[in-house]
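Results of the structural survey
Each chain is listed here by its residues.
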Amino acid sequence: MPYSLGIDSSTQSCSAIVIDTDTGTAVAEAAVNFGERLPHYSAPSGFIEGSADGVVHADPLMWLDALDLLLEDLGKLCDLSKVAAISGAGQQHGSIYLNDQWFYAVDTLDSTEPLSKQIQPCLARATSPIWMDSSTRKECAEIASAVGGDSIVCKKSGSIAVERFTGPQIRRFYKNDEAAYQKTERIHLVSSFLCSILCGADAPIDTGDGAGMNLLNIQTWEWDDELLDATAPALKAKLPEVSQGSSKVGVISEYFVAKYGFTPGAEVVVFTGDNPSSLVGMGASQPGKVVISLGTSDTFFAAMPSVVADPNGCGHVFGNPAGGSMSLQCFVNGSLAREAVKDKFAYDWEAFTSAFSATAPANNGNVMLPFFSPEISPRIELEAPLLAGTETFVNWQEADSAIRACVEGQFVNMKLRSDWMQLKPEVIYLTGGASKNDAIAQVVADVFQAKVQRLAVTGSVGLGGAMRAANSVFGSDLGALGDQFCQPQADSTIEPQVEAATYTSTAARLDELLSTHL
Ligand code: ADP
Ligand code: XUL
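Owing to the predicted nature of the structure, the values given are computational and were not obtained by experimental measurement. (Residues numbered from 1 in each chain as written. Chains lettered and ligands numbered in written order. Predicted model: local features only at pLDDT ≥ 70, side-chain atom pairs only at ≥ 80, totals over all residues. Heavy atoms only, no water.)

**Some thoughts on the site of ligand 2**
- Every residue lining ligand 2 is accounted for by Gln92, His93, Trp131, Arg164, Asp274 and Asn275.
- Between ligand 2 and Gln92, the relevant distance is 3.1 Å, taken from an oxygen atom to a main-chain nitrogen or oxygen of the residue.
- One of the side-chain N or O atoms of Asp274 is found 2.5 Å from an oxygen atom in ligand 2.
- Calculation on ligand 2 without its partners gives an accessible area of 290 Å², and the protein chains cover 87% of this total.
- Partitioning the shell around ligand 2 into residue classes produces one nonpolar, three polar and two charged. (Near = heavy atom within 4 Å. Polar contact = N/O pair within 3.5 Å; in protein donor to acceptor, adjacent residues only side chain to side chain. Areas by Shrake-Rupley, 256 points an atom, 1.4 Å probe, with all protein chains shown as cover. Nonpolar A, V, L, I, M, F, W, Y, C, P; charged D, E, K, R; others polar.)

**Thoughts on helix α21 (residues 504-515)**
- When the terminal C-alpha atoms of α21 are compared, their 17 Å separation across 12 residues agrees well with the 16 Å that a helix rising 1.5 Å per residue should span.
- Residues of α21 that are buried: Thr506, Ala507, Leu510, Leu513 and Leu514. Seen end-on, α21 carries its buried residues on one side only, within an arc spanning 125°. Turned more than 90 degrees off the buried face of α21, the exposed positions are Thr504 and Glu512. (Helix = DSSP H or I, 4+ residues; strand = E, 2+ residues; numbered from the N terminus. Expected span 1.5 Å × (residues − 1). Buried < 20%, exposed > 50% of the residue type's maximum accessible area, 1.4 Å probe, protein only. Arc of directions from axis to C-beta.)

**Brief notes about the environment of Met132**
- With respect to the helices and strands, the residue Met132 is situated in the loop between β7 (128-129) and α5 (137-147).
- Non-local contacts of Met132, meaning those with residues more than four positions away in its chain, are made with Thr11, Phe47, Gly54 and Val56. (Contact = heavy atoms within 4.5 Å.)

**With respect to the site of ligand 1**
- In the vicinity of ligand 1, the residues found are Leu294, Gly295, Thr296, Ser335, Glu339, Trp349, Gly432, Gly433, Ala434, Lys436, Asn437 and Ile440.
- Within the contact set of ligand 1, an oxygen atom lies 2.5 Å away from a side-chain nitrogen or oxygen of Thr296.
- Between Lys436 and ligand 1, the recorded distance is 3.4 Å, taken from a side-chain N or O atom to a nitrogen atom.
- For ligand 1, the accessible surface in isolation is 590 Å², of which the surrounding protein chains cover 63%.
- Grouping the amino acids of the shell around ligand 1 by side-chain chemistry returns four nonpolar, six polar and two charged.

**Description of the state of the cysteines**
- For the coordinates displayed, the defined rule picks out zero disulfides.
- The thiol sulfur of Cys199 is not disulfide-bonded, and the nearest other cysteine sulfur, from Cys195, lies at 4.6 Å.
- Here Cys314 is not disulfide-linked; the sulfur of Cys154 is the nearest cysteine sulfur, at 8.9 Å. (Disulfide = S-S within 2.5 Å.)

**Observations concerning the domain arrangement of the chain**
- Once the domains are mapped, the chain shows domain 1 (3-276) and domain 2 (283-454 + 488-518).
- Spacing between the C-alpha centres of domain 1 and domain 2 amounts to 31 Å.
- Taken together, the contacts link 24 residues of domain 1 with 17 residues of domain 2.
- For the pairing of domain 1 and domain 2, the buried interface totals around 1500 Å² over both sides, and the portion due to carbon and sulfur atoms is 61%.
- Taken together, the links from domain 1 to domain 2 amount to zero salt bridges. (Domains from an automatic or database assignment. Buried area = accessible area lost by both parts, 1.4 Å probe. Salt bridge = Lys/Arg side-chain N within 4 Å of Asp/Glu carboxyl O.)

Below you can see the structure in the form of structure tokens.
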């Protein structure tokens with residue numbers, strides 16, 4: 001069987017994985033860190049530093065240079081002529097603004113010149129706002145008010161108008177530089193931009209990444225006319241087509257054949273957002289499994305059996321590249337909150353972990369909402385945690401109890417905020433830096449009353465791309481690919497150890513604490 005290639009253009013790097021579905025192995029992996037390999041873009045962490053008012057942009061030409069470097073590296077590690085299926089993903093929400101030269105340029109890429117040099121004249125806006133940009137509060141309010149309120153935006157697009165989402169970003173561009181907006185003939189997401197380059201043709205946006213724009217209707221999976229009108233004039237003509245995540249959109253451009261030795265005719269499948277791709281790459285694209293990622297912030301995502309939007313407006317609904325939809329909910333106070341409690345008592349992670357054996361599940365009624373910074377799930381402007389319980393506990397005099405309360409508070413809150421998804425997970429896949437901590441994993445299993453597993457997979461975004469490509473091009477079953485590539489680590493399973501009702505009173509106390517501050 002030929003190989004399948006998955007590409008992940010993320011915030012700090014562009015990486016790739018080549019898989020062989022016959023042998024169930026990764027043939028090659030490579031990564032290009034933007035800051036390290038492309039220092040002349042002055043973006044050590046992948047974005048241009050020093051902007052004011054919440055503006056965070058990146059140079060889209062940097063993503064193209066990284067793609068060239070990545071394929072050059074990858075070609076030294078494996079035989080790229082064996083690749084017959086290609087897909088990938090981009091950091092969500094980021095947007096690229098292209099003029100009328102784009103359509104011809106992407107169709108006639110010259111393998112003797114770098115990609116960046118050929119696309120540079122096509123940019124109608126020199127830089128791209130990315131997901132870290134929070135400059136559009138005003139535009140979010142304007143869009144919501146134009147269509148009748150946040151709840152309508154949420155019902156239509158799967159999320160309330162959110163600062164980092166592409167629609168509000170487009171509106172800000174239109175308001176600040178109308179002439180450049182008028183010159184813009186195509187607006188791409190990071191995913192659809194790179195997909196276009198790879199297949200040498202203007203590519204569609206998939207329903208997974210498209211739903212992160214506040215422009216796509218999650219019932220019809222088509223651009224929503226009312227949201228388009230509320231965002232900027234004549235926007236529909238500037239957007240690509242929408243397609244389902246399994247669509248084949250073209251074959252590899254001659255540029256990559258001549259330059260890196262790909263085989264003509266290698267098929268390209270539509271790209272998606274990094275989170276939808278990770279859902280596939282974690283082996284969780286069918287309902288029943290939930291992924292909880294414990295990184296800087298905590299993220300909860302899952303395939304959904306039906307399309308419902310969060311009535312509270314905190315969560316997001318995206319298209320699931322495997323069909324249907326997925327939910328995603330972000331919790332700002334994740335690892336950094338756990339670290340803040342740990343550091344308050346000058347503990348290391350070992351002492352932090354021991355605190356759980358020194359205390360009992362449900363913590364004798366001592367509870368905490370560990371919000372050290374404003375939270376978005378639920379939306380609450382706090383700068384310090386809320387505590388309830390014994391006097392010594394609320395005065396931060398019980399270290400072990402505070403640590404348990406922090407973690408229990410995080411996951412009981414996560415369960416309460418994700419109830420709208422109507423999921424009954426059989427298994428939770430834990431990933432991210434804190435997932436290796438067994439005590440934290442035990443609290444997750446106990447609160448959600450589900451088995452918790454850690455997967456051997458690293459780089460689930462790129463892997464998801466390679467699996468999707470193999471699924472669409474070779475007809476390989478996604479479930480079978482998951483069995484091959486997404487196996488749990490040996491001895492990593494944690495079963496619930498307490499009864500379902502254990503956290504009922506914790507949930508009630510946390511809700512009570514919240515209601516006094518909302
Ligand atoms: P990101 O991808 O957002 O950069 P990671 O997934 O790499 O984040 O996770 C990093 C976090 O993991 C650190 O902020 C740290 O708090 C947490 N972490 C590392 N080791 C442990 C541990 N043993 N127990 C709990 N948390 C840990
Ligand atoms: C999701 C989000 C981030 C980006 C970058 O809504 O903003 O997860 O996709 O990873």
